[in-house]
Amino acid sequence: MGNATRLTSDTQLVKMACAIVLKGHWHNLFNPKIQSFLNSSTINQVLLDVSLYNSNLSWSFFKWADSIPNYKHSLQCSWTMIHILTKDKYFRDAQNLLQKIALKDFMSSPAVLNAIVSAHDDPDVNSHVLSWLMIFYANCKMIQDSIRVFEHMRVKGFKPHLHACTVVLNNLVKDRLTDMTWKVFKKMVKVGVVPNLHIYNVLVHACSKSGDVEKAEEVLNEMEAKGIVADLFTYNTLISLYCKKGMHYEALCVQNRMESGGVSPDIVTYNSLIYGFCREGRMREALRFFKEIKGVTPNHVTYTTLIDGYCRLNDLDEALRLREAMEVKGLYLGVVTYNSILRKLCEDGRIMDANRLLHEMNEKKIEPDNVTCNTLINAYCKIGDMKSALKVKNNMLEAGLKLDSFTYKALIHGFCRKLEMDRAKELLFSMQSAGFSPSYCTYSWLVDGYCNQGDEEVVINLPKDFLRKGLSPDISLYRALIRRFCKREKVECAQRLFSVMQGEGIFGDTVVFSSMAYAYLKVGNQAAAISFLDEMYKRRLMVTLKIYKSLSASYASDKGILDIFWDLVFNKNLVSKALIKDIKQLNL
């Protein structure tokens, strides 16, 4: 009875508040009796009731209520206001309010979405608002939240807007989440989304990112079947993909196709074609396209691509001539242009000229990037000037640049060449701590350096050093060290490391076991070799095509022993039928 009386009283007060808002007597809202009952629930109801007469007044009341002391709008109130604004097509205000609450209220949570969306039964408005939410999260790099909103829409039967679908798919492609792109696209089609040119362009871009030529052609065929005409972006993306794959004939076919379809190539089209030929050293064809450019003006990308091509072809004179042509035309020489010339100077050992170029960059206020610094570090390391290499490294850090995998590898290699092994080892630990994984080459330099000094014991103790530094020695470390010891025919050292690895509970893989087996076979211990091959069989460690090629290339000079080794491997059934087929097809 008491609850019913209170409910009636609240209803009357809601009506009273609505009347005050509609009549414009705002000062009456400060009546203690009215103000005391204004909570999230009653304000939500006032918003709904007032909106039946005037949505502008609802919006004014919403903003006024936000100024009540010790009161904050609930998510439900805000969602109601967004719905009211959307229904009356005040889209900008609705979107601004949605963005204001989207980050703080965890709105991508299924529980939250269920609670707020179910309170409003207008499917068109819900589709509008949830589509905006998808766009907002995607543009904020919160792609998983965006997908969760889409999944809620899909389950509830709401169809997202085309623009929302385009934005979400585009952000997935930017993050290189290609598999997810296709999964989400298929789900979008299932809920009734009809792809347009923009969505198909995103899909073609996804194919380009993943290097999937066949998929790109499928998308293009699907577009044509649906009567969707490709535009300049579609063609440019396809040409870029073909050029990156070295498929120049196909790229030229696309160019002819676009021109016959009335789409004029732009500078991006020409730049892609020129890049494709330059990267393969086909400068004559690249230059022909450069001279054929019509209707558009070559830009700094065009010239930089050609300059880089000539540098890679060891024609520095022609590269420098093009650089002068750039400057005559008033084109901006960026860091990428300088990096191409700098790399060639360093390759030729012209360090003084490289430093003069660096000084010129400094005068023109062109900031060096990681490529600039790494090129110089690598050049100094190759000539054994580690002092200068470290100076460049320190300058990198002072400039706010971060050391990358290449930086560490170049420095480690440099110190190994100088046989300053302890400094090389410390850099290896720093590399691991920074989150970079050393390659087989990196470990090989260390093994070779210590072995050349007769300090094999240091290499064998490297896993313990890792632990002391708080790093975890994994299979990749043991694999590289064992493989290199085997290559150097230091089988006893490899065996000791193998035993340490087994003692740590790390089981070897095919590379470890096959390397050990080959090493024992080469030193004349066939029994030990067969023992390792038998263990491989027990653990079902099979030789793949990649491992077959790698081992064959590594020991190509040991023709007789290599043949015996593969005979043993095949007799022990350590290869699959698929590998045997591949070997026959490739004539390996």
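Before reading further, recall that the structure is shown in the block above.
How each quantity is defined
Residues numbered from 1 in each chain as written. Predicted model: local features only at pLDDT ≥ 70, side-chain atom pairs only at ≥ 80, totals over all residues. Heavy atoms only, no water. Helix = DSSP H or I, 4+ residues; strand = E, 2+ residues; numbered from the N terminus. Rg over C-alpha atoms; globule rule 2.2 N^0.38 Å. Buried < 20%, exposed > 50% of the residue type's maximum accessible area, 1.4 Å probe, protein only. Contact = heavy atoms within 4.5 Å. Disulfide = S-S within 2.5 Å. Phe/Tyr/Trp six-rings, centres within 6.5 Å; stacked < 30°, edge-to-face > 60°. Patch = residues over 30% accessible without salt bridge, like charges linked within 9 Å, V, L, I, M, F, W, Y side chains within 5 Å. Areas by Shrake-Rupley, 256 points an atom, 1.4 Å probe, with all protein chains shown as cover. Salt bridge = Lys/Arg side-chain N within 4 Å of Asp/Glu carboxyl O. Axes fitted to C-alpha atoms, helices over the stretch in contact; angles between N-to-C directions. Parallel < 35°, antiparallel > 145°, perpendicular 65-115°, else oblique. Left-handed = near helix turned anticlockwise from the far one by under 90°. Nonpolar A, V, L, I, M, F, W, Y, C, P; charged D, E, K, R; others polar. Expected span 1.5 Å × (residues − 1). Polar contact = N/O pair within 3.5 Å; in protein donor to acceptor, adjacent residues only side chain to side chain. Lys, Arg positive; Asp, Glu negative; His and termini not counted. Charge placed at Lys NZ, Arg CZ, Asp CG, Glu CD.

Novice: In this structure, what is going on with the overall build of the protein chain? I would like to understand it.
Specialist: A tally of regular secondary structure across the protein chain gives 35 helices and 0 strands. On C-alpha atoms alone, the protein chain measures out to a radius of gyration of 34 Å, which is more than a quarter above the 25 Å that the 2.2 N^0.38 rule sets for 588 residues. Along the three orthogonal principal directions, the C-alpha set of the protein chain runs to about 100 × 65 × 55 Å. Here the protein chain holds 588 residues, and the buried ones make up 47% of them. In the protein chain, the share of contacts with a sequence separation of at least 24, taken over all contacts with a separation of at least 6, comes to 64%.

Novice: Is there a simple way to explain the state of the cysteines in this structure?
Specialist: Formally, a disulfide is one covalent bond, and it connects the sulfur atom of one cysteine to the sulfur atom of another. Tallying each qualifying case throughout the model produces 0 disulfides. The thiol of Cys-207 is unpaired, and the distance to the nearest cysteine sulfur, on Cys-243, comes to 16 Å. Judged by relative accessible area, which is 1%, Cys-207 ranks as buried. Cys-493 takes part in no disulfide bond, and the closest cysteine sulfur, belonging to Cys-451, lies 6.4 Å away. Given a relative accessible area of 15%, Cys-493 falls into the buried group.

Novice: In this structure, what is going on with the side chain of Asp-308? I would like to understand it.
Specialist: Following the sequence through the fold, Asp-308 ends up in helix H18 (residues 300–312). A residue is classified by how much of its surface remains accessible, and Asp-308, at 17% relative accessible area, is buried. Discounting residues that sit within four places of it in the chain, Asp-308 has contacts with Ser-340 and Arg-343.

Novice: I tried to follow the packing of aromatic side chains on my own but got confused; where do I start?
Specialist: For any two aromatic rings, the description comes down to two numbers: the centre-to-centre distance and the angle of the planes. As enumerated under the stated definition, the model contains 17 aromatic pairs in all. With centroids separated by 6.3 Å and ring planes inclined at 85°, the aromatic side chains of Trp-182 and Phe-185 adopt a geometry described as edge-to-face. Of this pair, Trp-182 and Phe-185 both sit in helix H11 (residues 178–190), separated by 3 residues, roughly a single helical turn. Trp-182 gets classed as buried once you look at its relative accessible area, which sits at 14%. Taking 4.5 Å as the distance between ring centres and 40° as the angle between the ring planes, the aromatic pair formed by Tyr-548 and Trp-566 counts as tilted. Of this pair, Tyr-548 sits in helix H33 (residues 545–554) while Trp-566 sits in helix H34 (residues 559–571), placing them 18 residues apart in sequence.

Novice: What should I look at first to understand the environment of Phe-150 in this one?
Specialist: Here Phe-150 is to be found in helix H9 (residues 143–156). Residue class for Phe-150 comes out buried when judged on its relative accessible area of 1%.

Novice: Would you explain the environment of Val-543 in this entry?
Specialist: By the secondary structure assignment, Val-543 is in the loop between helix H32 (526–538) and H33. In this structure Val-543 comes out as buried when scored by relative accessible area, which is 2%. Placed 128 residues apart in sequence, Val-543 and Phe-415 show a C-alpha to C-alpha distance of 35 Å. Apart from the residues within four sequence positions on either side, Val-543 is in contact with Thr-510, Met-536, Tyr-548, Trp-566, Val-569, Leu-574, Val-575 and Leu-579.

Novice: What exactly am I supposed to notice about a nonpolar patch on the surface here?
Specialist: Taken together, the side chains of Leu-22, Leu-52 and Tyr-53 define a hydrophobic patch exposed on the protein surface, amounting to about 380 Å² of accessible area. Structurally, the position occupied by Leu-22 is in helix H1 (residues 2–23).

Novice: When you look at the packing of helix H26 (residues 440–452) against helix H29 (residues 475–487) in this model, what are you seeing that I'm missing?
Specialist: When two helices pack together, you describe them by how their axes are tilted relative to each other and by the distance separating the axes. Running from N to C, H26 and H29 point in directions that differ by 50°, and their axes come no closer than 9 Å. One element, H26, and the other, H29, form an angle in the oblique class. Here the hand of the crossing between H26 and H29 comes out right-handed. Facing H26, whose interface residues are Tyr-440, Tyr-443, Ser-444, Val-447, Asp-448 and Cys-451, H29 presents Ser-476, Leu-477, Ala-480, Leu-481, Arg-483, Arg-484 and Phe-485. Classifying every residue of the contact of H26 with H29 gives 8 nonpolar, 2 polar and 3 charged.

Novice: Can you walk me through the environment of Leu-241 in this structure?
Specialist: You can see Leu-241 is positioned in helix H14 (residues 232–244). For Leu-241, a relative accessible area of 2% gives the class buried. Taking the C-alpha atoms as reference points, Leu-241 and Ala-94, separated by 147 residues in sequence, lie 41 Å from one another. Not counting residues up to four positions away in its chain, the partners in contact with Leu-241 are Cys-207, Ser-208, Gly-211, Asp-212, Val-213 and Ala-216.

Novice: Got a minute to help me understand the pattern of salt bridges in this structure?
Specialist: Any two side chains of opposite charge can pair, given that their charged atoms come close. Following the criterion strictly, the structure yields 34 salt bridges and no others. Between Glu-292 and Arg-288 there is a salt bridge; the shortest N-O distance is 3.3 Å. Pair noted here: Glu-292 and Arg-288 are both in helix H17 (residues 283–292), with a separation of 4 residues, about one helical turn. Residue Arg-288 is classed as partly exposed on the basis of its relative accessible area of 40%. Here Asp-465 and Arg-468 are joined by a salt bridge, their closest N and O atoms 2.2 Å apart. Residue Asp-465 and its partner Arg-468 are both found in helix H28 (residues 462–468); the two are separated by 3 residues, about one turn of the helix. For Arg-468, a relative accessible area of 62% translates into the label exposed. Here the residues in one salt-bridge network are Asp-308, Arg-312, Arg-343 and Glu-347, joined through shared partners.

Novice: Just to check I follow, could you spell out the packing of helix H8 (residues 123–139) against helix H10 (residues 162–174) for this structure?
Specialist: With their axes 9 Å apart at the nearest point, H8 and H10 run at an angle of 20° to one another. As summarised for this structure, H8 and H10 are arranged roughly parallel, according to the angle between their axes. Between H8 and H10 lies a crossing of left-handed hand. Seen from H8, the contacting residues are Ser-131, Met-134, Ile-135, Ala-138 and Asn-139; seen from H10, they are His-163, Ala-164, Val-167, Val-168 and Asn-171. Residues belonging to the contact of H8 with H10 are distributed by class as follows: 6 nonpolar, 4 polar and no charged.

Novice: Quick question: what am I supposed to make of H14 here?
Specialist: A turn of α-helix holds 3.6 residues, and therefore any two residues three or four places apart point the same way. End to end, H14 covers 18 Å across 13 residues, agreeing with the expected 18 Å (1.5 Å per residue, within 8%). Burial analysis of H14 places 10 of its 13 residues in the buried class, the great majority of the element. Buried within H14 are the following residues: Thr-234, Tyr-235, Asn-236, Thr-237, Leu-238, Ile-239, Ser-240, Leu-241, Tyr-242 and Cys-243. On its buried face, H14 is in contact with helix H12 (197–210), helix H13 (213–225), helix H15 (248–260) and helix H16 (267–278). Between the side-chain oxygen of the N-cap and the backbone nitrogen of Phe-233 there are 3.2 Å, and the N-cap of H14 in question is Asp-231.

Novice: Can you walk me through a positive patch on the surface in this structure?
Specialist: On the surface, Arg-176, Lys-209, Lys-244 and Arg-279 cluster together into a patch of positive charge. Its place among the elements puts Arg-279 in the loop between H16 and H17.

It is worth stressing that arrangement in space is one thing and function is another; only the former is reported here.
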